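Examination of the molecular architecture
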Amino acid sequence: MIYELEPMIVDDAKNLHEFFNLIGGETNFVSFEKFESPSLEACKSLLDSTKEAPNYAYCIKDKGKIIATLTANTRSGRSRERHKSDFGIGVSKEYWGKGIGSLLMEKVISESKKNFISKITLKVSEKNARAIKLYEKYGFEIEGVYKKDTLINGIMETGISMALFL
Ligand SMILES: CC(C)(COP(=O)(O)OP(=O)(O)OC[C@H]1O[C@@H](n2cnc3c(N)ncnc32)[C@H](O)[C@@H]1OP(=O)(O)O)[C@@H](O)C(=O)NCCC(=O)NCCS
């Protein structure tokens, strides 16, 4: 199957909310548990905030249902920080290992270049070997460590920040 990215629009908010609920229950590597995912209203405002460059939101759908997402935001509109952009990606477990994560990363890089972003950042659990491997494949390097960053099944886990300099 050929997977294609499409820009998300505010009308995708319900679909996005359902996707977040799904992956919240599938993996410990997103920041929310199942049913703690961003509300429908939060999804609407997230999509609203990504309407304008350099922010963006893309998804991949299978039979109309969102199965992967990419969202990115600049840290601040101020000139001193306008060169930086944070992003987050997620793929539903059923679709892991099919190259979708790589497709999302290629989009992150091409959108960043288009918007004159020179530093792309993210935070990831140190236990998320699959994601770290993916980020390293695209040239991201480790910048810092966040101790006791997330509480997963009663255990405090360490997060790491990574960056790609364009
Ligand atoms: C991390 C994630 C986005 C990867 O997506 P994916 O669609 O499986 O990624 P791909 O199929 O493109 O594989 C990307 C790379 O991951 C690495 N990878 C794949 N399977 C792996 C495994 N079992 N163990 C370690 N690394 C693995 C490889 O380097 C692979 O690249 P290659 O096939 O060119 O060698 C996906 O697993 C996911 O959404 N996980 C849950 C949410 C999450 O962790 N989000 C990121 C939070 S920071």
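Structure shown above.
None of the values given here were measured: they were computed from a predicted structure.

Right, let's talk about the pairing of strand S3 (residues 65–74) for a bit. Judged by how many residues are buried, S3 sits mostly within the fold: eight of 10 residues are covered. In this sheet, S3 lies alongside strand S2 (residues 56–62) in antiparallel orientation, the contact comprising seven bridges. Within the sheet, the bridge partner assigned to Ala57 lies in S3 and is Thr71. Between the end of S2 and the start of S3, which pair antiparallel, lie two residues, with Lys63 showing a positive phi angle near 50°. As judged from the seven bridges shared by S3 and strand S4 (residues 84–91), these two strands associate in the antiparallel manner. Among the inter-strand pairings, Leu70 is bridged to a residue of S4, identified as Ile89.

In this structure, Lys119 sits in strand S5 (residues 119–125). Polar contacts involving the side chain of Lys119 include one to the side chain of Glu143, which spans 3.1 Å.

All right, on to the pattern of salt bridges then. Within this structure, the stated rule accounts for 10 salt bridges. Put simply, Lys123 and Asp149 hold a salt bridge, and the shortest N to O gap is 3.2 Å. On the criterion of sequence distance, the pair formed by Lys123 in strand S5 and Asp149 in strand S6 (residues 141–152) is long-range, its members being 26 residues apart. Note that Lys127 is salt-bridged to Glu157, the shortest N-O span being 3.2 Å. Here Lys127 is found in the loop between S5 and helix H4 (129–137), whereas its partner Glu157 is found in strand S7 (residues 155–165), with 30 residues between them in sequence. In this structure Lys127 comes out as partly exposed when scored by relative accessible area, which is 48%. Glu157 sits in the buried class, given a relative accessible area of 10%.

Procedures and definitions
Chains are numbered independently. Their residues run from 1 in the order of the written sequence. Selection of residues for local features in this predicted model requires a pLDDT of at least 70, selection of side-chain atom pairs for listing and counting requires 80 or more, and totals for whole chains, interfaces and linings are taken over all residues. Side-chain measures were taken over the full set of non-hydrogen atoms in the model, leaving aside hydrogen atoms and water. Residue burial is assigned from relative accessible area. The probe radius is 1.4 Å, only protein chains are included, and a residue is buried under 20% of its type maximum, exposed over 50%, and partly exposed in between. Helical segments are the DSSP runs of H or I of at least four residues, strand segments are the runs of E of at least two, and each set is numbered from the N terminus. Two strands pair under a simple rule: DSSP has to find at least two bridges between them. Definition of a polar contact: a pair of N or O atoms within 3.5 Å, with one able to donate and the other able to accept a hydrogen when the atoms are protein atoms, and with sequence-neighbouring residues admitted only if both atoms are side-chain atoms. Salt bridges are counted wherever a side-chain nitrogen of Lys or Arg sits within 4 Å of a carboxyl oxygen of Asp or Glu.

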